[in-house]
Amino acid sequence: MIEPVFFYAALIISIGAFLAILRILLGPTVPDRVVGVDTLNTLVVAGMVLLGAAYDRTIYIDIAIVYALLSYIGTLIVARYLQGGLK
Amino acid sequence: MIEYLIYAFLAINITFNLLGSIALHRFPDVYTRLHGATKCTTFGTIFAVLAVVTHALYRLHVTGDPKYLQMALHSFVALVALLLTNPVGAHAIAKAAHLSGYKPARAVIDAYEEKLGGEEE
């Protein structure tokens, strides 16, 4: 059973994700692009939880948990690389 | 009746997530963009998960299917993971941007730079 309200909410959140992708493509400096990727990760987690409710599948929400933890590790590694290794 | 609560949660979620991604384009430099985007999207995602938890608990009350209890608990775990990791990631990005030499645009006072200079002297 599809709950249409959650599906439309996820659709509007994907517009915000498109704006974040635009910042990744346009960003004048490297930290601007990293901020865009961080925002995109949070929006993907929110959209995936909403799609899990829309399509009535709990497995989507499990994937959202794993995606949140892995994107955190990726952000930390890119930040370490930006500040010039382990200081 | 409970539908209106879910609609209100989803409206707050959509408003704050869109404000967060618009803030990426309306602010001048890295630090203010990070400030707008991280706070707004974290607050919006809290309400997305609250809407899903309310929906799942209501379906559990109506149908009695334990699948919906699992859905509520797992989305709450996703919220906890996001709340623990998002501020730490934003802090790491801001510190790395400052250490790699990107200055705040149009800033008069840079207190972190003064603190670093005072420690070195």
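Numbering of residues starts from 1 in each chain and follows the order in which that chain's sequence is written. For this description, chains carry letters from A and ligands carry numbers from 1, given in the order in which they are written. Per-residue local features of the predicted model are confined to residues with pLDDT of at least 70, and side-chain atom pairs are confined, for both listing and counting, to 80 or more; whole-chain, interface and lining totals are unaffected and use all residues. The side-chain figures draw on all heavy atoms in the structure; neither hydrogens nor water molecules are used.

Novice: When you look at a nonpolar patch on the surface in this model, what are you seeing that I'm missing?
Specialist: Patch membership requires more than 30% relative accessible area and the absence of a salt bridge. Residues of like charge join within 9 Å; the nonpolar side chains Val, Leu, Ile, Met, Phe, Trp and Tyr join within 5 Å. Where accessible areas are quoted, they stem from the Shrake-Rupley method and a 1.4 Å probe; at the residue level, only the protein chains shown are allowed to cover. Salt bridge, as used here, is a side-chain nitrogen of Lys or Arg placed within 4 Å of a carboxyl oxygen of Asp or Glu. Together, Val5(A), Met1(B), Tyr4(B) and Tyr7(B) make up a nonpolar patch on the protein surface, roughly 490 Å² of accessible area in all. Residue placement: Tyr4(B) occurs in helix α1 (residues 2–26). Helical segments are the DSSP runs of H or I of at least four residues, strand segments are the runs of E of at least two, and each set is numbered from the N terminus.

Novice: Just to check I follow, could you spell out the UniProt feature "transmembrane region" (unreviewed entry) in chain A for this structure?
Specialist: All names here are of chain A. UniProt positions are given in the numbering used here, feature names are shortened, and annotations may be inferred rather than shown by experiment. UniProt's feature table lists "transmembrane region" (unreviewed entry) at residues 6–26, 33–53 and 59–82, given in the numbering used throughout. Along residues 6–26 one finds 100% helix and 0% strand; the C-alpha atoms at either end are 30 Å apart. Segment residues 59–82 splits into 100% helix and 0% strand. End C-alpha atoms: 35 Å apart.

Novice: Sorry if this is basic, but what is going on with helix α2 (residues 30–63) of chain B here?
Specialist: Given 3.6 residues per helical turn, the α-helix brings residues three or four places apart onto the same face. An ideal rise of 1.5 Å per residue puts 50 Å on 34 residues; α2(B) measures up with 48 Å between its terminal C-alpha atoms. Backbone geometry just after α2(B) places Gly64(B) at a positive phi near 75°. Each residue after the first adds 1.5 Å to the expected span of a helix.

Novice: I tried to follow the packing of helix α3 (residues 59–82) of chain A against helix α3 (residues 66–99) of chain B on my own but got confused; where do I start?
Specialist: Any two packed helices are characterised by the angle at which their axes cross and by the distance between the axes. Working convention: axes come from line fits to C-alpha atoms, limited for helices to the stretch in contact. Angles between N-to-C directions cover 0 to 180 degrees. At a closest axis distance of 9 Å, the pairing of α3(A) and α3(B) adopts a crossing angle of 10°. As the angle between them shows, α3(A) and α3(B) are arranged roughly parallel. Taken together, the residues of the contact of α3(A) with α3(B) break down into 17 nonpolar, 5 polar and 1 charged. The labels follow the angle: roughly parallel below 35 degrees, roughly antiparallel above 145, roughly perpendicular from 65 to 115, and oblique for the rest. Only Asp, Glu, Lys and Arg are considered charged, only Ala, Val, Leu, Ile, Met, Phe, Trp, Tyr, Cys and Pro nonpolar, and every remaining residue, Gly among them, polar.

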